[in-house]
Amino acid sequence: MFLEATGSLQYTRDPSVVPDPDVLPHEGNYTCGWPQNDPGDLELDYTLEVGKTFPNVHLKDQCGERLSLWDLYGHWLILDTTQSDCGPCRAMAAQSEEALSELREEGHLVMMVSFLGNGLSAPFETPSETTLEGWIQSYGLQDPVLYDEGFTFALFPKFIENF
């Protein structure tokens, strides 16, 4: 048996999702109130490893704007990869605001960024606006909830394998 394949592979980077780190999307705070901080000169290679800078990404938030993750520079970030049909995810979301309040009362500048996927059976699909709004309202979330668009599903398994 002999198998042979020929051809070429070409890809392009979608600048709406993987941003140019030197270009800010807008000036001032976001519509939802998130800060737009200057992260300074961060090195970027999109490799997820302990002790390295987390990759920047632009994902749409609950106010319809693409949030640059690096604009949250200066905060301790809790990155929550979540699915609307995941029981443990729901339990964590139900307790998150109380936990964040306790951390803030202790003087920590902390935010939780939730990357909401479309469900465990469709992690690469973008959740509907109704799903995202329902998630926020069900748990009283105050921090960014982002339409995941498959970002974390593609990024985190490689990290977990190497951890």
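A. Just the packing of aromatic side chains, in detail. Considering all chains together, one arrives at 3 aromatic pairs under this definition. With a centroid separation of 6.5 Å and an interplanar angle of 75 degrees, the aromatic rings of F54 and F151 are classed as edge-to-face. A residue pair is termed long-range when its members are at least 10 positions apart, and F54 in the segment before β1 (58-60) and F151 in helix α3 (residues 151-162) qualify at 97 residues. Here W135 and Y139 contribute two aromatic rings whose centre-to-centre distance is 4.9 Å and whose plane-to-plane angle is 65 degrees, an arrangement assigned as edge-to-face. You can see W135 and its partner Y139 sitting in helix α2 (residues 129-139), 4 residues apart, about one turn around the helix. Accessibility classification places W135 together with Y139 in one group, the buried group. Counting every residue linked through ring pairs, the aromatic cluster contains F54, F115 and F151. Between the NZ or CZ atom of K60 and the centre of the ring of Y147, over which it lies, the distance is 4.9 Å.

B. Examining the pairing of strand β4 (residues 110-117) more closely. In terms of residue burial, β4 counts as a mostly covered element, since 8 of its 8 residues are buried. Relative to β4, strand β3 (residues 76-83) runs parallel, the two being bridged by 8 bridges. Paired with T82 across the strands is L116, a residue of β4. As a crossover connection, the stretch from β3 through helix α1 (residues 87-105) into β4 is right-handed. The parallel pair β4 and strand β5 (residues 145-147), bridged by α2, forms a crossover whose chirality is right-handed.

C. Geometry of the nonpolar core. Core analysis: the biggest nonpolar cluster contains 15 residues, and L69, L72, F115 and F151 have the highest contact counts within it. Listing elements by their share of this core, those giving two or more residues are β4 and α3. Tallying contributions element by element places β4 first for this core, with 3 residues. Counting 14 residues, the second-largest nonpolar core is a separate cluster that includes C86, L100, I136 and L141.

Reading the values: rules and limits
Residues numbered from 1 in each chain as written. Predicted model: local features only at pLDDT ≥ 70, side-chain atom pairs only at ≥ 80, totals over all residues. Heavy atoms only, no water. Phe/Tyr/Trp six-rings, centres within 6.5 Å; stacked < 30°, edge-to-face > 60°. Helix = DSSP H or I, 4+ residues; strand = E, 2+ residues; numbered from the N terminus. Buried < 20%, exposed > 50% of the residue type's maximum accessible area, 1.4 Å probe, protein only. Lys NZ or Arg CZ within 6 Å of the ring centre and 35° of its normal. Pairing = 2+ DSSP bridges. Right-handed = clockwise from strand over helix to strand, strands pointing away. Core = buried A, V, L, I, M, F, W, Y, C linked by side-chain atoms within 4.5 Å.

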